[in-house]
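What the coordinates show
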Amino acid sequence: MHVRCPDHLPEETYREVLEQLAELSPVVQALPPTAALIELKGALRYHRTDPQHLGEILRVRTISRLGVDVRVGVGPSITVAATASARIPTPGGVLVVDPGQVTDWLGPLPVEALHGMGPQQATVLHDYGIHTVALLATVSPATVQRLLGGKAGRLAADRARGIDPRPVLPRALPASATVRHTFDRHTLDGATVRSALLQQVVQLGILLRRRGQAARGLTLTLRFAGGGTWHKTRRLPEPSAHDDDLRTLAYQLMDAAALQRGRLVALTLKAEDLVNADQVAQQISLDHAREARLLAEAATDRVRDKFGPGIIGPAAAYRPAS
């Protein structure tokens, strides 16, 4: 079962929705900020009912207890259930796709309706005359991989055929990820501050990638001598755990602070609104330099795993000894 809450749902209310889901099944996987997965096998036996009725029970509870209607998609795989929930008009409803109906139900849908299909991927498929999931399912997986790239193409080819072996993994709402830096002395030096910020970006990226998470936004907090603070939050264009994306936004936040003569004591960088990395659509990139940097980042992570986190990093993050 895939459950979608209304957009822009407050985090506190989202947590309350998760509590309602946990009353129906012990296996709930949070997909913040507004979705979740539920494993139904044990729940259906326990409640002695069918998926349609269980979905309606969930809607009644969230509406009566929280004032929130939800869209509930049910299917034999995560892809089918999530695609189904997205086809339900707002404010809410239940759509069940039985295992024997998967091919017939998915087939007429536009490729962009397939869960996990990004807009750039759909555009590429359209350019080659592949407009429906049924057409995508008839194309050989090797061809789809050539069009969309290795992993993205393989996933798209499988999911168009209803193949998605991923299990629902119990996971509560992820906590935020925070890194901090305290200066040895009050500092006014912009280069020193930016070097410290880059160190925090690298540490935060490593932390997110090891946890298998991606951030939708960043919050930068600056603490000044005398006890004053400044903080600001901005959203990333797409959820990410990559150093390039985190650094760009972190520098924008620092520029927004417009530091003049403020004596900094410490800075804190916090990744907000975390999502599972495997839920982030892999978009096609024509930026070969970026692709090269991402490959280098993966290689650097492997070096860190083997020799320690401080063994390698960007030169600008390390100030020369004075």
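Scroll up to find the structure this text is about.
To start, this report covers the structure provided alongside it. Not measured: the values here are computed from a predicted model.

1. Looking at the pairing of strand β7 (residues 213–224)
Buried residues dominate β7, accounting for nine of its 12 residues. Note: β7 against strand β10 (residues 275–276), two bridges, orientation antiparallel. Across the sheet, Gln213 pairs through a bridge with Asn276, a residue of β10. Pairing analysis gives eight bridges linking β7 to strand β8 (residues 229–240), with the strands arranged antiparallel. Residue pairing in the sheet places Leu222 in a bridge with Trp230 of β8. Adjacent in sequence and paired antiparallel, β7 and β8 are bridged by four residues, among which Gly226 carries a positive phi angle near 100°. Taken together, the eight bridges between β7 and strand β9 (residues 264–272) define a ladder with antiparallel strand orientation. Of the residues in β9, the one forming a bridge with Thr219 is Lys270.

2. Some points on the packing of helix α10 (residues 190–211) against helix α11 (residues 243–257)
Where α10 meets α11, the axes come as close as 9 Å, and the angle between the chain directions of the two elements is 140°. Taken as axis vectors, α10 and α11 run oblique relative to one another. Between α10 and α11 lies a crossing of right-handed hand. Contact residues: Val193, Arg194, Leu197, Leu198, Val201, Val202, Leu204, Gly205, Leu208 and Arg209 in α10; Asp243, Leu246, Arg247, Ala250, Tyr251, Met254 and Asp255 in α11. Each residue belonging to the contact of α10 with α11 can be placed in one class, and the counts come to 11 nonpolar, one polar and five charged.

Rules used in this analysis
- Residues numbered from 1 in each chain as written.
- Predicted model: local features only at pLDDT ≥ 70, side-chain atom pairs only at ≥ 80, totals over all residues.
- Heavy atoms only, no water.
- Buried < 20%, exposed > 50% of the residue type's maximum accessible area, 1.4 Å probe, protein only.
- Helix = DSSP H or I, 4+ residues; strand = E, 2+ residues; numbered from the N terminus.
- Pairing = 2+ DSSP bridges.
- Axes fitted to C-alpha atoms, helices over the stretch in contact; angles between N-to-C directions.
- Parallel < 35°, antiparallel > 145°, perpendicular 65-115°, else oblique.
- Left-handed = near helix turned anticlockwise from the far one by under 90°.
- Contact = heavy atoms within 4.5 Å.
- Nonpolar A, V, L, I, M, F, W, Y, C, P; charged D, E, K, R; others polar.

Scope: geometric values only; no functional claims are made or implied.
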